[in-house]
Amino acid sequence: MKNVLMAATLTGLLATAAPAGAQMWFFPDYALPSSMGTPSTWLAATYGRGLNDASGKTDAFGGAIGRTTEKASFMGAIGQARSDGDGELTIGGAVGFDVMQRENSVVSVQGGVGWFSTDLFNETLTALRFPIGVAWKGSFQSPEAAIAPWIMPRVNISRLSGGGDSETETDLGASGGVSFTFPNGFGVHTALDVLLSDSNLWYFGIGAHYVIGGGGGGN
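Keep in mind that what you see is a predicted model, and the values were worked out from it rather than measured. (Residues numbered from 1 in each chain as written. Predicted model: local features only at pLDDT ≥ 70, side-chain atom pairs only at ≥ 80, totals over all residues. Heavy atoms only, no water.)

Here's the deal with the side chain of His-189
Mapped onto the elements, His-189 comes out in strand S10 (residues 186-196). With residues up to four places along the chain from it excluded, the contact list for His-189 reads Tyr-30, Ala-44, Ala-45, Thr-46, Val-178, Ser-179, Gly-205, Ile-206, Gly-207, Ala-208 and His-209. (Helix = DSSP H or I, 4+ residues; strand = E, 2+ residues; numbered from the N terminus. Contact = heavy atoms within 4.5 Å.)

Quick look at the structure:
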């Protein structure tokens with residue numbers, strides 16, 4: 001009976017758990033920045049929330065650090081999702097490679113992994129996700145800020161295991177957003193995310209970031 005309950009819970013979580021900033025669970029999936037000729041290191045703090053009942057409407061708070069190089073970008077993050085007073089730790093990482101670059105835009109391929117674990121029915125439930133996407137990222141410079149809109153369709157692979165049972169599900173999703181980075185290196189970013197499963201899941205994210213060394217012109 002316990003295994004039946006665990007299997008039902010695994011299936012339910014696959015249908016309701018949220019995607020992630022830095023590929024963490026419970027956040028939108030953000031496209032990684034590109035250097036646009038100016039490699040940099042950056043720090044970010046982000047808030048995420050599900051927007052509909054299917055998403056669980058969980059509040060999530062996280063921080064990330066990333067690095068852009070000439071053709072590749074890397075990011076790692078840690079966060080916590082909170083619901084009904086309980087918190088769940090989640091960690092994630094991502095890497096992206098630029099495959100096409102024009103004066104004001106970049107096309108990149110991006111992949112990542114996200115993890116969290118929780119106790120359920122006296123068993124440990126482990127959740128992994130592997131989002132793989134293709135991102136278009138713009139880069140526009142104004143006197144006030146570097147503006148970087150982006151969109152990223154993706155494949156989302158989720159695997160949950162616990163109590164001797166496991167479930168894997170593959171869904172399609174997409175996210176989009178925009179960031180503003182000011183000449184002093186500080187900036188803000190926001191994103192909207194949808195996961196197309198049995199019930200469409202919607203998530204929103206907003207946060208602040210700092211590019212070490214200044215605003216630059218990257219995404």
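Focus: the confidence of the model for the protein chain
Taken residue by residue, the protein chain gives an average pLDDT of 84. The fraction at 70 or more is 85%. Confidence over residues 1-18 falls short of pLDDT 50; this stretch has 44 contacts with residues more than four positions distant or in other chains. (pLDDT = per-residue confidence, 0-100.)

Some remarks on the nonpolar core
Ranked by size, the top nonpolar core spans 18 residues in total, and within it Trp-25, Phe-26 and Trp-42 carry the most contacts. Those elements that place two or more of their residues in this core are strand S1 (40-50), strand S2 (59-68), strand S3 (72-83) and strand S6 (123-138). No other element matches S3, which puts three residues into this core. The next biggest cluster of nonpolar side chains, apart from the first, holds six residues, and it includes Tyr-30, Ala-135, Trp-150 and Ala-191. (Core = buried A, V, L, I, M, F, W, Y, C linked by side-chain atoms within 4.5 Å. Buried < 20%, exposed > 50% of the residue type's maximum accessible area, 1.4 Å probe, protein only.)

Re a nonpolar patch on the surface
Taken together, the side chains of Leu-51, Leu-192, Trp-202, Phe-204 and Ile-206 present a nonpolar region at the surface, about 430 Å² in accessible area. With three residues, the top contributor of residues to the nonpolar patch is strand S11 (residues 201-211). (Patch = residues over 30% accessible without salt bridge, like charges linked within 9 Å, V, L, I, M, F, W, Y side chains within 5 Å. Areas by Shrake-Rupley, 256 points an atom, 1.4 Å probe, with all protein chains shown as cover. Salt bridge = Lys/Arg side-chain N within 4 Å of Asp/Glu carboxyl O.)

Structural notes on the packing of aromatic side chains
Tallied over the full model, the rule gives six aromatic pairs. Here Trp-25 and Phe-26 contribute two aromatic rings whose centre-to-centre distance is 6.5 Å and whose plane-to-plane angle is 50°, an arrangement assigned as tilted. Ring plane angle 45° and centroid distance 6.0 Å describe the contact between Tyr-30 and Trp-150, whose orientation is recorded as tilted. Taken together, the residues Tyr-30 in the loop between helix H1 (2-16) and S1 and Trp-150 in strand S8 (residues 146-162) connect sequence positions 120 residues apart. A relative accessible area of 7% means that Trp-150 is categorised as buried. One aromatic cluster is present, formed by Trp-25, Phe-26 and Phe-116 through successive ring pairs. (Phe/Tyr/Trp six-rings, centres within 6.5 Å; stacked < 30°, edge-to-face > 60°.)

Concerning the pairing of S2
Only one face of S2 is buried: it carries Ala-60, Gly-62, Ala-64, Gly-66 and Thr-68, and the other face, with Asp-59, Phe-61, Gly-63, Ile-65 and Arg-67, is open. Counting the residues in the hairpin turn of S2 and S3 gives three residues. (Pairing = 2+ DSSP bridges.)

Describing the pairing of strand S9 (residues 165-181)
Note that S8 and S9 share 17 bridges and pair antiparallel. Paired with Ile-157 across the two strands is Thr-170, which belongs to S9. Linking S8 back to S9 in an antiparallel pair, the connection comprises two residues, with Gly-163 at a positive phi of about 60°. Pairing analysis gives ten bridges linking S9 to S10, with the strands arranged antiparallel. In the strand pairing of S10, Ala-174 is matched with Val-194. The turn linking S9 back onto S10 is made up of four residues, and Gly-185 within it adopts a positive phi angle of 100°.

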